[in-house]
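Summary of structural features
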Amino acid sequence: MRILLVEDHQESRKNLQRLIERRGHEVVAVGSAEEAKQAIAAQAFPFLILDWMLPGKSGIELCRELRAQPHGDDMFILLVTARDDTGDLGQALAAGANDYLTKPLDLALLNVRLSVAERQIRELAERNQARVALQESARAMTEILEKTTDAFFAVDREWKFIYLNPEAETLLGRRRDEVIGKELWKEFPQLNGSPFEVNYRRVMTEQMPVEFEASDAAGKVWFEMRAYPSGGGVSVFFRDVTERKRAEEERLTTDKLESLGTLAGGIAHDLNNILTVISGNIGLAQIEAPTDASSLLSFLSKAGQAAQHAAHLSIQLLTFSKGGAPLKRIASISDLLGQAAEISLYGSSLRADLDIPVDLWKAEVDPVQIEQVINALMINAREAMPHGGAVRISARNVELEDKPGALLPAGRYIKITITDRGCGIEPELATKIFDPYFTTKPTGSGLGLAISYSIVKKHGGMLHLESSSTEGSTFAFYLPAEHGLGAPGPRDTKRPFRFNHQRILVMDDEAAIRELTSQLLGTLGFEVTAVPDGLEAVKIYERALHAGENFQAVILDATVRGGMGGLATIARLRSVDPNVTAIICSGYSDEAALSEFLTYGFRGALPKPFTRRDLADVLQRAFEAGKVN
């Protein structure tokens, strides 16, 4: 601490300076009031020690002058005097001295006085800092309140406005000069009886802060409120959180859908495993059935078709959030439209009026996802026509030119339109029908058209409402026509399979799937080794490779409970044999490796459930890909 010592007696000044400096203080010593004033003008001293008797101006006069200056109370003054008269000492204190010390100086008493002074100076400094901080805080707070993005207003104990910031003017729709000095409840009568009034009065009565959210009377605009007791009145910070509330509700819905999607994905996986066994055994039964057992073969064929329909339904258990990339292949759009229309209208009073040319182009699509689009549009048509009628489904080959502002690139497309005979869609709703969660139906999810829009977009096409009137609505979607570079569709069922006893390694954790796959492959002429997990597959494959008894192909299940799945297995196999011919198999239709199998090192993808024909096709393509590579 810096101390100014004013003592005219040189020897006393030096002794006292030395004693004080031993306590670790910096001491500036002068011999007169004039020198003291010069020193104070040059630098600040929180602690002054003044001798009463000084040449010229006395210490008590100097003390009185210093106290009269601005911020004169910001220093501690200790008066040293030879007087011990109580009246004189009272005079010294009245002049502004904080404490006094009498001569001759007692060292012990000096140390006590210095200790007291040090403590009081610290407290004084803290008070001064607090005062300055408070003043600065008040200025800063006013500036902050004027510029903050939060709205703020304050009322006194009589509920009269004493302050509004600009943001409050905006949200309340009133200028501050219109409401300052006026009562809150009279200026905003709509607040009477509302949660706002209940909480404001609670703050006033209980003198405790309250945080709450409330909406306007119409329930359309939501506010986040923070009300505090302030000077007997109430201060309120608030903001418009309508968008946040909407986002929270949508996020909650999304979280629920994602949870449901996870559950549905697991169900679909298990269901696909079961359907694989059902479909496969139906296929085996068809092979074993006598050729003259026409009724039995007919029954088996119908059961196989039903299993395929069930497989499509299992895939549709997956929600929008779990949709995944399309697993494309070249397919007949004509066949897809016919099949999807039949399934979608089953059990309804509607019929499908199909207008599809025989020369309709094929497209590279995910058949299941496109059927889902058709199904969603047909459900809309059913709901628009509760009394029955005909839904027109048409398809055309179109070639789009490259035009400025076109929504699709130039090229060949298949345009599909679905027209109902309902009462149409109101114009103000037409722009919202593809928004997620938007629905006009009490029990609707608002996802059907949003999912369809996303699916078509992922296929490189476009879905839109082409027209709507009181006579009905027409939805149209475009799909890029096949250009010869995609994965081929199902092969000619009459084409014979030629597999010359190649060795196949099958990995699946389901015993029933391993047994069925082995039997199906056996009917195709393969020699099969089946294992339950990836570690065993790697061990068997490596052993066979070293023995010169190579496996020509490996079929790996993507997901193995409690073991190494297909993705980890293919990485290990490729380190052993870079030319391994591997096929990924999965009951999860949204498995990324199914749609991007080449990226993961596979040469084919086999979604569950699969048939004997599916097995033969994927192996044939994998072997052909291996020859090319």
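This report concerns the structure included in the present document.

This part covers the overall build of the chain. When helices and strands are counted, the chain shows 20 helices and 22 strands. Across the 629 residues of the chain, 42% fall into the buried class. For the chain, restricting intrachain contacts to residue pairs at least 6 apart in sequence, the fraction spanning at least 24 positions comes to 63%. In the form shown here, the chain has an accessible surface area of approximately 32700 Å², with 52% of it arising from carbon and sulfur atoms.

A word on the nonpolar core. The biggest cluster of nonpolar side chains holds 36 residues, and the ones touching the most others in it are Ile333 and Phe477. Contributions of two or more residues to this core are made by helix 12 (333–344), strand 13 (363–365), helix 13 (367–384), strand 14 (389–400), strand 15 (411–419), helix 15 (448–458), strand 16 (462–469) and strand 17 (472–480). Sorting elements by how many residues they give to this core places helix 13 first, with six residues. Beyond its immediate chain neighbours, meaning those up to four positions away, Phe477 contacts Val373, Ile374, Leu377, Ile414, Lys415, Ile416, Val456, Met462 and Leu463.

Among the surface-exposed residues, Leu271, Ile274 and Ile278 lie close enough to one another that they form a single nonpolar patch of about 230 Å² accessible area. If you trace the backbone, Leu271 turns up in helix 10 (residues 242–288).

Let's shift gears to helix 17 (residues 534–546). Compared with an ideal rise of 1.5 Å per residue, which puts 13 residues at 18 Å, helix 17 spans 18 Å between its outermost C-alpha atoms and is within 8% of the ideal. By the burial criterion, the buried members of helix 17 are Gly534, Ala537, Val538, Ile540, Tyr541 and Ala544. Residues of helix 17 that are buried sit in contact with strand 18 (503–507), strand 19 (527–531), strand 20 (553–557) and helix 18 (566–576). The opening residue of helix 17 is Asp533, an N-cap whose side-chain oxygen sits 3.1 Å from the backbone nitrogen of Leu535. At the C-terminal side of helix 17, Gly548 shows a positive phi close to 75°.

A word on the packing of helix 2 (residues 33–42) against helix 3 (residues 59–68). The interhelical angle for the contact between helix 2 and helix 3, taken along N-to-C directions, is 25°, at an axis separation of 10 Å. Considered as vectors, helix 2 and helix 3 are oriented roughly parallel to each other. Where helix 2 crosses over helix 3, the handedness of that crossing is right-handed. Between helix 2 and helix 3, the residues in contact are Ala33, Ala36, Lys37 and Ile40 and Leu62, Glu65 and Leu66, respectively.

To continue, consider the packing of helix 17 against helix 18. To describe two helices that pack against each other, one gives the angle between their axes and the distance between the axes. Here helix 17 crosses helix 18 at 15°, and the two axes come no closer than 9 Å. The angle between the axes of helix 17 and helix 18 places the two elements in the roughly parallel class. The hand of the helix 17/helix 18 crossing is right-handed. Contacts between helix 17 and helix 18 involve Gly534, Leu535, Ala537, Val538, Tyr541, Glu542 and Leu545 on the former and, on the latter, Thr569, Arg572, Leu573 and Val576. Looking at the contact of helix 17 with helix 18 residue by residue, the classes come out as seven nonpolar, two polar and two charged.

Turning our eyes to something else, we now look at the environment of Gln519. Relative to the helices and strands, Gln519 is located in helix 16 (residues 511–523). The exposure class assigned to Gln519 is partly exposed, which follows from its relative accessible area of 34%. Sequence separation between Gln519 and Asn281 is 238 residues; the distance between their C-alpha atoms is 9.1 Å. Not counting the four nearest positions on each side in its chain, Gln519 is found in contact with Asn281 and Leu284.

Here we take up helix 3. Those residues of helix 3 that sit buried are Gly59, Ile60, Leu62, Cys63, Leu66 and Arg67. For helix 3, the buried positions fall inside an angular range of 155° around the axis, keeping them on one side.

A few words now on the sheet that holds strand 16. Taken together, five strands build an open sheet; the order of strands is 12-14-15-17-16 and the sheet is mixed. In this open sheet, the two edge strands, each paired with only one partner strand, are strand 12 (350–355) and strand 16. Each strand of the sheet is rotated relative to its neighbour by a mean of 20°, with strand direction disregarded. In the sheet, strand 14 pairs with strand 15 via nine bridges, with the strands oriented antiparallel. Bridge pairing links Asn397 to Ile414 in strand 15. Packed onto the sheet, helix 13 meets strand 12, strand 14, strand 15, strand 16 and strand 17 and runs at close to 175° relative to strand 17.

In terms of residue burial, strand 3 (residues 47–51) counts as a mostly covered element, since five of its five residues are buried. Of the two faces of strand 3, both are covered, the one formed by Phe47, Ile49 and Asp51 as well as the one formed by Leu48 and Leu50. Pairing of strand 1 (residues 2–6) with strand 3, which is carried by four bridges, proceeds in the parallel orientation. Following the sheet pairing, Leu4 is matched in strand 3 by Leu48. Crossover connection from strand 3 via helix 3 to parallel strand 4 (residues 76–81): handedness right-handed.

What follows covers the sheet that holds strand 19. Pairing within the open sheet is parallel, and its five strands lie in the order 19-18-20-21-22. Two strands in the sheet have a free side with no partner beyond their single neighbour: strand 19 and strand 22 (604–607). Here the strands of the sheet are splayed against their neighbours by 20° on average, with no regard to which way each runs. As paired strands, strand 18 and strand 19 are joined by five bridges and run parallel to one another. Paired with Val506 across the bridge in strand 19 is Ala530. Where helix 17 meets the sheet, it contacts strand 18, strand 19 and strand 20, and its direction lies at approximately 160° from that of strand 18. Along the sheet, helix 18 contacts strand 18, strand 20 and strand 21 (582–586); its crossing angle with strand 20, the most-contacted strand, is approximately 150°.

Taken as a whole and assessed by the stated rule, the structure comprises 32 salt bridges. One salt bridge connects Glu213 with Arg244, and the closest N-O pair in it is separated by 2.2 Å. Residue Glu213 is located in strand 8 (residues 210–215), and its partner Arg244 is located in helix 10; the two are separated by 31 residues in the primary sequence. Judged by its relative accessible area of 31%, Arg244 is partly exposed. Residue Asp355 pairs with Arg392 through a salt bridge whose shortest N-O separation is 2.7 Å. Residue Asp355 is found in strand 12, and its partner Arg392 is found in strand 14; the two are separated by 37 residues along the sequence. A residue is classified by how much of its surface remains accessible, and Asp355, at 22% relative accessible area, is partly exposed. Among the charged side chains, a network of salt bridges with common partners joins Asp150, Glu211, Glu213, Glu224, Arg226, Arg239, Arg244 and Lys245.

Rules used in this analysis
Residues numbered from 1 in each chain as written. Predicted model: local features only at pLDDT ≥ 70, side-chain atom pairs only at ≥ 80, totals over all residues. Heavy atoms only, no water. Helix = DSSP H or I, 4+ residues; strand = E, 2+ residues; numbered from the N terminus. Buried < 20%, exposed > 50% of the residue type's maximum accessible area, 1.4 Å probe, protein only. Contact = heavy atoms within 4.5 Å. Areas by Shrake-Rupley, 256 points an atom, 1.4 Å probe, with all protein chains shown as cover. Core = buried A, V, L, I, M, F, W, Y, C linked by side-chain atoms within 4.5 Å. Patch = residues over 30% accessible without salt bridge, like charges linked within 9 Å, V, L, I, M, F, W, Y side chains within 5 Å. Salt bridge = Lys/Arg side-chain N within 4 Å of Asp/Glu carboxyl O. Expected span 1.5 Å × (residues − 1). Polar contact = N/O pair within 3.5 Å; in protein donor to acceptor, adjacent residues only side chain to side chain. Axes fitted to C-alpha atoms, helices over the stretch in contact; angles between N-to-C directions. Parallel < 35°, antiparallel > 145°, perpendicular 65-115°, else oblique. Left-handed = near helix turned anticlockwise from the far one by under 90°. Nonpolar A, V, L, I, M, F, W, Y, C, P; charged D, E, K, R; others polar. Arc of directions from axis to C-beta. Pairing = 2+ DSSP bridges. Right-handed = clockwise from strand over helix to strand, strands pointing away.

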